[in-house]
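So you can see what is in the structure, the chains are spelled out below.
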Amino acid sequence: MSVTLSPRALMSLLANGPKAMDVLETALGMGLLDALEPGPARLDALAARFGVRPLRLYKFLDCLESLGFLTRSETGDDIATASYRAVPGLRDAVVAVVGPHAQERDRDRYPWRRLHGRLAESLRGEVSMSDDDFAWPPQTDEQTADFERSMAVGLGPVIETTRRHADRLWSDRRRLLDVGGGDGTLAAHLLDSAPGLRADVYNLPAVEPLVRATRVDRGHPDRLGFVGGDFLAEPLPAGYDAMSFVRVLHDWPNEVARRLVEKAYAALEPGGLLLICEEFRTPDRLAMQFFWSYFLIGVDSCVSRLREVEFYTGLLKEVGFDRVAVLSGTWELVTAYKPEASR
């Protein structure tokens, strides 16, 4: 049974955030999470397995339980018989956050400390991120490459969901244009589970060397291509029966997002598929977006706006797409098709 923490209890956990991360990193490094997730695991058995003192382990597990990551049952006064089980997916979540290639580790290299303790000044516009800190859109080839590499780090949830629905998405598709598709990491993963598909990344010309490197690294020399252009200033290329906007539309105001969807409609072949994947506005996504919400307080040029999924489903229908659907997954996918007899 899930219990919502009181504001006071939540504040205590937030104030002890670094200590909580220490507990999680230790649990991961020791291998405790591997033992706790399948569960149930008794305290005395865990202590013996990992060579630790039972009473100290009991308190360590209390820390994990306070974070909502464990369920515990005791049958009497002997705490050695207490039984524990981790919530499903805990180990993968901890790896995603504190592992060597964690998205949060990547984010932490951004100069957010310029704002720390100065948020009120930043809100008044007295403290800002410089273009050297973060330029949006990126202004130089180096900034573009750095941004695209960083975005590739966070693609795990998208890759998982597209893989889950690969047969439904790609079985009757021939050519995909991944609009704003970064360094080609996502397109390469899509090709892994869609042998009949060819994918082109559409992005600024400065990104082409990154896509070229991905093409070699991922082993798709003949199926992963690149088309250079500016989707804000130019029509989208034609000749594709599938297009995707993945973590693209949230960066722009409503009218720009609409214009991009309209460009996709105009460019797609009749019957063509449009796929949208975003961090839709939910409590979970707001929490996972916390870093960018904080960091971008110092930036006026970037919207990074989380919208409810209904914004996109409604927009697709208004533009003329039909068969609009939301596919479940770690991050949901919105799919829609241009009618065969397009208007």
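Residues numbered from 1 in each chain as written. Predicted model: local features only at pLDDT ≥ 70, side-chain atom pairs only at ≥ 80, totals over all residues. Heavy atoms only, no water.

For the protein chain, an unreviewed UniProt entry supplies the name O-methyltransferase and the organism Micromonospora eburnea.

Draft legend 1. Quick look at the UniProt feature "domain: O-methyltransferase C-terminal" (unreviewed entry) in the protein chain. UniProt records the feature "domain: O-methyltransferase C-terminal" (unreviewed entry) for residues 170-321 in the present numbering. End-to-end, the C-alpha atoms of residues 170-321 are 18 Å apart, and along that stretch the chain is 38% helix and 17% strand. (UniProt positions renumbered as here; feature names shortened; annotations may be inferred. Helix = DSSP H or I, 4+ residues; strand = E, 2+ residues; numbered from the N terminus.)

Draft legend 2. Fine view of a nonpolar patch on the surface. A surface patch of nonpolar side chains, about 400 Å² in accessible area, is lined by Leu-5, Leu-10, Met-11 and Leu-14. Mapped onto the elements of the fold, Leu-14 is located in helix H1 (residues 7-15). (Patch = residues over 30% accessible without salt bridge, like charges linked within 9 Å, V, L, I, M, F, W, Y side chains within 5 Å. Areas by Shrake-Rupley, 256 points an atom, 1.4 Å probe, with all protein chains shown as cover. Salt bridge = Lys/Arg side-chain N within 4 Å of Asp/Glu carboxyl O.)

Draft legend 3. Representation of the sheet that holds strand E1 (residues 41-42) within the structure. With respect to topology, 3 strands assemble into an open sheet ordered E1-E3-E2, the strand pairing being antiparallel. Looking at which strands have only one partner, the edges of the open sheet turn out to be E1 and strand E2 (70-73). Relative to strand E3 (residues 83-86), E1 is paired through 2 bridges, and the arrangement is antiparallel. Residue Arg-42 lies in a different strand from E3, and its bridge partner there is Ser-83. (Pairing = 2+ DSSP bridges.)

Draft legend 4. Region of interest: the sheet that holds strand E10 (residues 333-337). Judged by pairing direction, the sheet is mixed, and its 7 strands sit side by side in the order E6-E5-E4-E7-E8-E10-E9 without closing on themselves. A single partner strand is all that each edge strand has here, and the edge strands are strand E6 (224-228) and strand E9 (322-327). Geometrically, the sheet is characterised by an average inter-axis angle of 20° between neighbouring strands, direction not taken into account. Pairing geometry for E9 and E10, over 4 bridges, is antiparallel. If you follow Ala-325 over to E10, its bridge partner there is Thr-335. Sheet strands touched by helix H12 (residues 185-192): strand E4 (175-179), strand E5 (198-203), E6 and strand E7 (242-246). Its angle to E5, the strand with the most contacts, is close to 170°. (Axes fitted to C-alpha atoms, helices over the stretch in contact; angles between N-to-C directions. Contact = heavy atoms within 4.5 Å.)

Draft legend 5. Molecular detail of helix H6 (residues 90-98). Considered for burial, the residues of H6 that qualify are Leu-90, Val-94 and Val-98. When H6 is viewed along its axis, its buried side chains cluster within an angular range of 40° and face the same direction. (Buried < 20%, exposed > 50% of the residue type's maximum accessible area, 1.4 Å probe, protein only. Arc of directions from axis to C-beta.)

Draft legend 6. Spotlight on unusual backbone geometry. Following Gly-39, the chain continues into Pro-40 via a peptide bond in cis, with omega recorded as -10°. Topologically, Pro-40 is positioned in the loop between helix H3 (32-36) and E1. Here Arg-247, not a glycine, exhibits a phi torsion of approximately 55°, which is positive. Within the secondary structure layout, Arg-247 lies in the loop between E7 and helix H14 (254-267).

Draft legend 7. Local environment of the packing of H14 against helix H17 (residues 309-319). Running from N to C, H14 and H17 point in directions that differ by 50°, and their axes come no closer than 10 Å. As far as their axial angle goes, H17 and H14 are oblique. Crossing angle aside, the handedness with which H14 passes H17 is right-handed. In this structure, H14 uses Asn-254, Ala-257, Arg-258, Val-261, Glu-262 and Tyr-265 to contact H17, whose residues at the interface are Phe-311, Leu-315, Leu-316, Glu-318 and Val-319. The residue inventory of the contact of H14 with H17, partitioned by class, reads 7 nonpolar, 1 polar and 3 charged. (Parallel < 35°, antiparallel > 145°, perpendicular 65-115°, else oblique. Left-handed = near helix turned anticlockwise from the far one by under 90°. Nonpolar A, V, L, I, M, F, W, Y, C, P; charged D, E, K, R; others polar.)

Draft legend 8. Region of the structure containing the packing of aromatic side chains. Summed over the entire model, instances satisfying the criterion amount to 15 aromatic pairs. Ring centres of Tyr-110 and Phe-295 lie 5.5 Å apart, and the angle between their planes is 65°; this geometry places the pair in the edge-to-face category. Here Tyr-110 is found in the loop between helix H7 (103-107) and helix H8 (119-123), whereas its partner Phe-295 is found in helix H16 (residues 290-295), with 185 residues between them in sequence. Aromatic ring contacts, followed pair by pair, group Tyr-110, Phe-134, Phe-291, Trp-292 and Phe-295 into a single cluster. Directly above the ring of Tyr-110 sits Arg-109, whose terminal nitrogen or CZ lies 4.9 Å from the centroid. Directly above the ring of Phe-311 sits Arg-307, whose terminal nitrogen or CZ lies 4.6 Å from the centroid. (Phe/Tyr/Trp six-rings, centres within 6.5 Å; stacked < 30°, edge-to-face > 60°. Lys NZ or Arg CZ within 6 Å of the ring centre and 35° of its normal.)

Draft legend 9. Quick look at the side chain of Thr-161. Relative to the helices and strands, Thr-161 is located in helix H10 (residues 156-164). For Thr-161, a relative accessible area of 0% translates into the label buried. In this structure, Thr-161 is in contact with Ser-328, Gly-329, Thr-330, Trp-331 and Leu-333, ignoring residues within four places of it in sequence.

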